Amino acid sequence: EVSPFLALEADLTYKYRVLPEVELNAGYSILSGTETLQAVAGGSRAHIAHWAYVMLVVKPLFFQLGKTAEK
């Protein structure tokens, strides 16, 4: 019988707001596969996959709906 459990993954993320519209995100992940994942996807479960990323998120405000300027 094949186990439905494919892998164990651990993630570490960090977010830092640089400005109200700008955020810096960084992360590191590690994945350890099982025999089931090896049978389904190939490769070797002895190898541990790991990766990191850095992302800059910019959310500018071009216009605002529903608010009027008071005079």
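Above: the structure in question.
The structure displayed is predicted, hence computed values, not measured ones. (Residues numbered from 1 in each chain as written. Predicted model: local features only at pLDDT ≥ 70, side-chain atom pairs only at ≥ 80, totals over all residues. Heavy atoms only, no water.)

Caption draft 1: Seen up close, the side chain of Thr36. Following the sequence through the fold, Thr36 ends up in helix 1 (residues 35–41). The class of Thr36 is buried, set by a relative accessible area of 11%. Here Thr36 is in contact with Val2, Ser3, Phe5 and Leu6, once residues within four sequence places are set aside. (Helix = DSSP H or I, 4+ residues; strand = E, 2+ residues; numbered from the N terminus. Buried < 20%, exposed > 50% of the residue type's maximum accessible area, 1.4 Å probe, protein only. Contact = heavy atoms within 4.5 Å.)

Caption draft 2: The arrangement of the pairing of strand 1 (residues 7–19) in detail. As paired elements, strand 1 and strand 2 (residues 22–33) share twelve bridges and run antiparallel to each other. By the bridge assignment for strand 2, Tyr16 is matched with Leu24. If you look at the hairpin formed by strand 1 and strand 2, you'll find two residues sitting between the two strands. (Pairing = 2+ DSSP bridges.)

Caption draft 3: Fine view of the sheet that holds strand 1. Judged by pairing direction, the sheet is antiparallel, and its three strands sit side by side in the order 1-2-3 without closing on themselves. Each of the sheet's edge strands pairs with one partner strand only, and the pair in question is strand 1 and strand 3 (49–58). Each strand of the sheet is rotated relative to its neighbour by a mean of 10°, with strand direction disregarded. (Axes fitted to C-alpha atoms, helices over the stretch in contact; angles between N-to-C directions.)

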